[in-house]
Amino acid sequence: MEKKLILVIVALLLIMFGCKGNKDTNKVDANDGIIEESYAEDSTPDGMGEIKDDGKPQPTALSSYKYTWTEGNDLPPVVVIIDDFGQISGDLLNAFLDLPKEVAFAILPDLSNTENTSKLANKADHEVLIHIPMQAENSSANPGKRYIKSNMDADEIRSMIADFHKQIPHAIAANNHMGSAATAELSTMNSVLETLDKLDLFFIDSATTAKSAVPTVAQNLGQKTLKRDVFLDVPDNSEATIVDKINGLTRYKGRREPIVVITHCHNKDKLEALKKFIAQIESMGLKLIPPSKALRLATPA
């Protein structure tokens, strides 16, 4: 009975708002996605950190991120990034590789299947990101064998990222794995973004903290970046959560910049939830685009 009710709700949502739906009067929970399930790290609520084109800061945590808006009801294109590749292999990896080529693979370095996943994703025409391990504010969180630490020496950061890039040579960009502490440090992120730029890579902020220094650093360096808007698999992979995430997309009506969605590759449940999400947004007329195309549509920090 409960499953039938959920399916009815999904059907109603598809009717209510396509790419050019009517004005939506539903209120969206501003705390959607506050906890990143995988790491139990505090993250910025979905949709936070926006400045509209009237120049007046909205009451949000990441006010340095700038977006431009129209008065229309159109929803912007959607970017999907899957984090934490590098460990899984076999049938599960192949199933993720079968997803639309616009879906990007963020691969962790220093893992048993890091280099092979980079090759396979590139061969399947998926854009590849270096999923850079970074220090979290929670001292019990383990980012990995090697990771970018707060106030780390610039030469050490350059050397580490260069080595990560050797493992994942097909990368076109990078995003942070954990990193609520490291991404809040101006000097640390200055070194990270400078290094990535020299490698012809750009940065996507996973937004695991409300105190991210990334937009400030990007502005100082004259770089464009992207920021995560939605964690798809938080708090879980249920149909109810997918309905909630689709409903939450209405807050981006009229925004010119793409919606950046992040999920994870840990199991088949996450894969199936992502497939349902993609099917629903495509049936609504939304366009899926890769990160490189999204960067061209981004507003400079």
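Everything numeric in this text was worked out from a predicted model, so none of it was measured.

Rules used in this analysis
Along every chain, residues carry numbers that run from 1 in the direction the sequence is written. Residues qualify for local features only when their pLDDT is at least 70, as the model is predicted, and side-chain atom pairs are given and counted only at 80 or more; totals for whole chains, interfaces and linings, by contrast, use all residues. For the side-chain quantities, the full set of heavy atoms in the structure was used; hydrogens and water were omitted. Secondary structure elements follow DSSP: runs of H or I of four or more residues count as helices, runs of E of two or more count as strands, with numbering from the N terminus. Burial classes follow relative accessibility: with a 1.4 Å probe on protein chains only, a residue under 20% of its type's maximum area counts as buried, one over 50% as exposed, and anything between as partly exposed. The contact rule is simple, with two residues in contact once any of their heavy atoms fall within 4.5 Å. We call Phe, Tyr and Trp rings a pair once their centres come within 6.5 Å, taking the six-membered ring for Trp, and we label the pair stacked below 30 degrees between planes, edge-to-face above 60, and tilted otherwise. A ring is scored as having a charge over it whenever the NZ atom of a lysine or the CZ atom of an arginine sits within 6 Å of its centre and within 35 degrees of its normal. Paired strands, as defined in this entry, are two strands with at least two bridges between them according to DSSP. Seen with its strands pointing away from the viewer, a crossover is right-handed when the path leading from the first strand over the helix to the second is clockwise. For this analysis, a nonpolar core means a set of buried residues of the types Ala, Val, Leu, Ile, Met, Phe, Trp, Tyr and Cys, connected via side-chain atoms within 4.5 Å. Confidence scores per residue from the predictor, reported as pLDDT, run from 0 to 100.

S.K.: Can you tell me about the overall build of the chain, naming the residues and giving the values?
M.R.: Per the secondary structure count, the chain includes 9 helices and 10 strands. The burial tally for the chain puts 53% of its 301 residues in the buried class. Residue pairs in contact within the chain that sit at least 24 positions apart in sequence constitute 75% of those at least 6 positions apart.

S.K.: Provide a residue-level description of the packing of aromatic side chains, including the pertinent values.
M.R.: On inspection of all chains with the given rule, the structure shows 2 aromatic pairs. Aromatic pair F85 and F96: ring centres 5.5 Å apart, planes at 90 degrees, arrangement edge-to-face. Residue F85 is located in strand β3 (residues 78-85), and its partner F96 is located in helix α2 (residues 90-97); the two are separated by 11 residues in the primary sequence. Ring pairs connect the aromatic residues F85, F96 and F105, which therefore count as one cluster. The ring centre of Y147 lies 4.5 Å from the NZ or CZ of K149, which sits over that ring.

S.K.: Go over the pairing of strand β7 (residues 202-205) with me, naming the residues and quoting the values.
M.R.: Going residue by residue along β7, you find F202 and I204 tucked away on one face and F203 and D205 tucked away on the opposite face as well. Relative to β7, strand β6 (residues 171-178) runs parallel, the two sharing 3 bridges. Within the sheet, the bridge partner assigned to A173 lies in β7 and is F202. Regarding topology, helix α5 (residues 186-198) serves as the crossover connection from β6 to the parallel β7, and that connection is right-handed.

S.K.: Explain the nonpolar core to me, using residue names and the numbers behind them.
M.R.: V78, F85, F96, I132, I148, V192 and F277 are the most contacted members of the largest nonpolar core, which has 60 residues in total. No other element matches the 6 residues that helix α8 (residues 268-283) contributes to this core. Look past the residues within four positions of F85 in its chain and what remains in contact with it is L93, F96, F105, A106, I107, L108, L111, T117 and C265. The next biggest cluster of nonpolar side chains, apart from the first, holds 17 residues, and it includes L129, F202, F231 and I262.

S.K.: Explain the confidence of the model for the chain to me, using residue names and the numbers behind them.
M.R.: For the chain, mean pLDDT is 85; residues scoring 70 or higher make up 79% of the total. Within the model, pLDDT remains below 50 along residues 7-11, and this stretch shows 4 contacts once partners closer than five positions in the same chain are excluded. Contacts for the low-pLDDT stretch residues 13-45, under 50 throughout, to residues beyond four places or in other chains number 99 contacts.

S.K.: Mind laying out helix α7 (residues 239-248), listing which residues take part and the relevant values?
M.R.: Across the 10 residues of α7, 7 count as buried, placing the element largely inside the fold. Those residues of α7 not exposed but buried are T241, I242, V243, K245, I246, N247 and G248.

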